[in-house]
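Overview (structure and organization)
Each chain, written out:
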Amino acid sequence: MIKLLGFLFTLTLVYGEDQRFILPDHHARSSHFLHQAIKNSSSVWIVTPAFSHTALSQTLISSARKQSRIHLIVQHPQGEPLRLVQYRHIDLSISRIPIPQSLILIDG
């Protein structure tokens, strides 16, 4: 699966749409954008060192109930990721490689 990520990142750089927000100034705008994009997607990839966002978790659960595929790649899986695995269409992978920052890939 990790070999596939390199290919996906390459496609994202070529065909992706980049949204940048300055946090904490644009926190409300970035949260709204993420929730809307996840609700309208068919596949979401989240690569992060630790996942502990309850508001985003609720959006992921509702999106998974609408047949969206959610892929979590987490370095430290304690807490929220283990709770999310019980839902259908949510996959969890544990990374042994250190992840310096979070990355969210959402299809259009």
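Quick summary incoming for the structure in this document. On a predicted model such as this, the values are computed, not experimentally measured, just so you know.

1. Comments concerning the nonpolar core
Among the nonpolar cores identified, the biggest contains 13 residues, and Leu60 and Leu84 are the most heavily contacted of them. Listed by contribution, the elements that provide at least two residues to this core are strand E1 (43-50), helix H3 (54-65) and strand E2 (69-76). Counting residues per element, this core draws most heavily on H3, at 4 residues. Once residues within four sequence positions are removed from consideration, Leu84 is found in contact with Phe51, Ser57, Leu60, Ile61, Leu72 and Ile90.

2. Remarks on unusual backbone geometry
Of note in this structure, Gln67 is not a glycine but carries a positive phi near 75 degrees. Exposure remark for Gln67: the relative accessible area of 54% places this residue in the exposed category. The phi torsion at His89 lies on the positive side, around 75 degrees, for a residue other than glycine. Here His89 falls in the buried class, since its relative accessible area comes to 17%.

3. A closer look at the sheet that holds E2
On the basis of which strands lie adjacent, the open sheet formed by 4 strands has the order E3-E2-E1-E4 and mixed pairing. The open sheet terminates on both sides in strands that have one partner only, identified here as strand E3 (90-94) and strand E4 (103-106). Strand-to-strand, the axes of this sheet are offset by a mean angle of 15 degrees, without reference to chain direction. The sheet contact formed by E1 and E4 spans 4 bridges and is antiparallel. Paired with Val44 across the two strands is Ile106, which belongs to E4. The strands that H3 touches are E1, E2 and E3; relative to E2, the one it contacts most, it runs at about 145 degrees.

What counts and how
- Counting from 1, residues in each chain are numbered in the order their sequence is written.
- Only residues with pLDDT of at least 70 get local features here, since the model is predicted, and only at 80 or more are side-chain atom pairs given and counted; chain-wide, interface and lining totals rely on the full set of residues.
- Heavy atoms throughout the structure, all of them, feed into the side-chain values; hydrogens and water do not.
- Put simply, buried Ala, Val, Leu, Ile, Met, Phe, Trp, Tyr and Cys residues joined by side-chain atoms within 4.5 Å make one nonpolar core.
- Buried residues are those whose accessible area, probed at 1.4 Å on protein chains only, stays under 20% of the maximum for their type, while exposed residues exceed 50% and partly exposed ones sit between those limits.
- Put simply, DSSP H or I for four residues or longer makes a helix, DSSP E for two residues or longer makes a strand, and each gets a number counted from the N terminus.
- In this description, contact between two residues means that some pair of their heavy atoms is separated by no more than 4.5 Å.
- Strands were regarded as paired on the criterion that DSSP finds at least two bridges between them.
- Helix axes use the C-alpha atoms of the stretch in contact, all axes being lines fitted to C-alpha atoms, and the angles between their N-to-C directions lie in the range 0 to 180 degrees.

Fair warning: the whole summary comes from geometry, so function is off the table for now.
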